[in-house]
Amino acid sequence: MKYDLVFEGGGAKGMVFVGALEEFFNRGHSAGRLLGTSAGAISAVLLAAGYPPAKMLEALQEKENGRSVFAGFMGDPEPFTREEIKKSATRDVLANIDLKFVPGFLEKPMDDALARWLADNRRSRHFVALVERGGWFSAARFVSWLQAKLDTDPATGQRRDYSRMSLKRFFEATGVELSVVAADTSGGRLLVLNHRTAPECPVVWAVRMSMSIPLVWDEVVWDQGWGDYLGRPMAGHVVVDGGMLSNFPIELFISGEPQVTKLMGPKQDDPVLGLLIDESLAVPARKGLLVDITIKPGELKTVQRLKRLVDTMTGAHDKMVIEEHEHLVVRLPAAGYGTTEFDMSDERRDALVAAGRTAMRLYIDSHPAKKAGPPRGAAPQAAKGAATRKGAKGVEAPPSAADRLARRLLRLKR
């Protein structure tokens, strides 16, 4: 049976999706529309680009200089240009420090030299990047990795040009309805990026924006060449991880609200399945794995603080949505795994993937496949859209739970 799939955000914990998808396809099911946030957006775009779980697993096993290639996703900040330093907030702060014992004509050159040193020094550059770009690390390595994946046909190994495609062209090339969720911090709103809402936005940068965990990776500023969002200008807007507003927007596939179908297209008959990363469920240890230390002493006073903050922030699930649609949710174990634990050992990664397989198998065994009916609590005509639903006497029917949740998510008024 074909399912519309929703992938929750969760950073490195998203590796659990690979095992879940492997079991899902082995049972003879297929994917329809795809919706993902952050790590879920990465899984969704690879699936849309034709990557089967086996190829995704190969990607998880890739090494670079003896370490997981994903460790490079948390890279050193990109070098600052002299113009960036000149206009930086760091330079402004230094200019406002008046050193009484230094002659005025020397202060400006000293401030310039100190700002350049802070930006060029490998250790202090992270702090400058946090101040100037909103993130401790650069995601440039992630962008190049995703570009390489999209530009390689997983079936033949031949080259293709998917990484240079806009969301509209990517949809035309694949035939897959892909939507990724991001947060517009300039406009204070949720963004659902797809070929309808942001047709000219590059697919690579749509995913990059969706996975941009604040404070960890540098923010993305919407480029003029990426076009509009729902016809509204976006150039200059700062966009970050969609998990800031909704990590698991499953209601967008369920609601029949006209404002929702404007984003997602007509409501479909295919059942919806949400893949949720559940940090309360333990991951069974693999044989031979007794102790696995993942914290590096050099990170204890800097990176680990950011990790704890981000783990807490992105670990807050859309509880009302999950409770309302529990029967559509596969809970994937991830207890003890960090959002930014990209350099996890092979043993820990394999245990996480295996836990995903088991969770999907148990879900499928206990939830026989069947076509989707009206959402729980929905009126009989819910699929036609809340704004046009009328009862026998012309009275508008009450909105379904999914409609109410979708309105809240999109900040819509009745």
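Refer to the preceding data block for the structure.
In this text the structure is predicted, and so the values were computed from the model without any measurement.

**Some thoughts on the packing of helix H2 (residues 39–48) against helix H8 (residues 140–150)**
Part 1 of the argument: In the contact formed by H2 and H8, the axes pass within 10 Å of each other and the chain directions differ by 20°. Looking at the two axes, H2 sits roughly parallel to H8. Crossing geometry of H2 relative to H8 is assigned as right-handed. Seen from H2, the contacting residues are Ile-42, Val-45 and Leu-46; seen from H8, they are Phe-142, Trp-145, Leu-146, Lys-149 and Leu-150.
Part 2 of the argument: Residues that form the contact of H2 with H8 fall into these classes: seven nonpolar, no polar and one charged.

**Some remarks on the pattern of salt bridges**
Part 1 of the argument: Throughout the structure, instances matching the rule amount to 26 salt bridges.
Part 2 of the argument: A salt bridge links Arg-348 to Glu-341; its shortest N-O distance comes to 2.7 Å. Residues Arg-348 and Glu-341 agree in their burial class; the two are buried.
Part 3 of the argument: Each of Lys-63, Asp-346, Arg-349 and Asp-350 takes part in one network of salt bridges that share partners.

**Quick notes on the packing of aromatic side chains**
Note on aromatic pairs: each is described by the distance of the centres and the angle between the planes.
Part 1 of the argument: Under the defined criterion, the tally for this structure stands at 13 aromatic pairs.
Part 2 of the argument: Between Phe-7 and Phe-17 the ring centres are 5.3 Å apart and the planes differ by 75°, which places this aromatic pair in the edge-to-face class. Of this pair, Phe-7 sits in strand E1 (residues 2–7) while Phe-17 sits in helix H1 (residues 16–26), and the two are 10 residues apart along the sequence. As far as the burial class goes, Phe-7 and Phe-17 line up, both buried.
Part 3 of the argument: For the pair Phe-73 and Phe-142, a centre-to-centre distance of 5.3 Å together with 85° between the ring planes defines the contact as edge-to-face. Residue Phe-73 is found in the loop between strand E4 (67–68) and helix H4 (82–86), and its partner Phe-142 is found in helix H8; the two are separated by 69 residues along the sequence.
Part 4 of the argument: For Phe-142, a relative accessible area of 0% translates into the label buried.
Part 5 of the argument: Site record: aromatic cluster; members linked through ring pairs are Phe-70, Phe-73, Phe-142, Trp-145, Trp-217 and Phe-342.

Cut-off values and rules
Here the residue index of a chain counts from 1 through its sequence in written order. Local features in this predicted model are restricted to residues whose pLDDT is 70 or higher, and side-chain atom pairs enter the listing and the counts only when it is 80 or higher, whereas totals over whole chains, interfaces and linings include all residues. For side-chain calculations, the full set of non-hydrogen atoms in the structure is used, while hydrogens and water are omitted. Between N-to-C directions, angles cover 0 to 180 degrees, with each direction set by a line fitted to C-alpha atoms, over the stretch in contact for helices. Secondary structure elements follow DSSP: runs of H or I no shorter than four residues count as helices, runs of E no shorter than two count as strands, and numbering proceeds from the N terminus. Note on terminology: angles under 35 degrees are roughly parallel, angles over 145 are roughly antiparallel, angles of 65 to 115 are roughly perpendicular, and the others are oblique. Two helices that cross are described as forming a left-handed crossing if the nearer one is turned anticlockwise from the farther one by less than a right angle, and a right-handed crossing if clockwise. Residue contacts follow a heavy-atom distance rule, with two residues in contact if any of their heavy atoms lie within 4.5 Å. Each residue gets one label: Ala, Val, Leu, Ile, Met, Phe, Trp, Tyr, Cys and Pro are nonpolar, Asp, Glu, Lys and Arg are charged, and the others, such as Gly, are polar. Each salt bridge in this description consists of a side-chain nitrogen of Lys or Arg and a carboxyl oxygen of Asp or Glu lying within 4 Å of one another. Whether a residue is buried, partly exposed or exposed follows from its accessible area with a 1.4 Å probe, protein chains only, as a fraction of its type maximum: under 20%, in between, or over 50%, in that order. Centre distance within 6.5 Å is the pairing criterion for rings of Phe, Tyr and Trp, where only the six-membered ring of Trp is used; planes under 30 degrees apart are then read as stacked, over 60 as edge-to-face, and the remainder as tilted.

In short, shape yes, function no, at least from these values alone.
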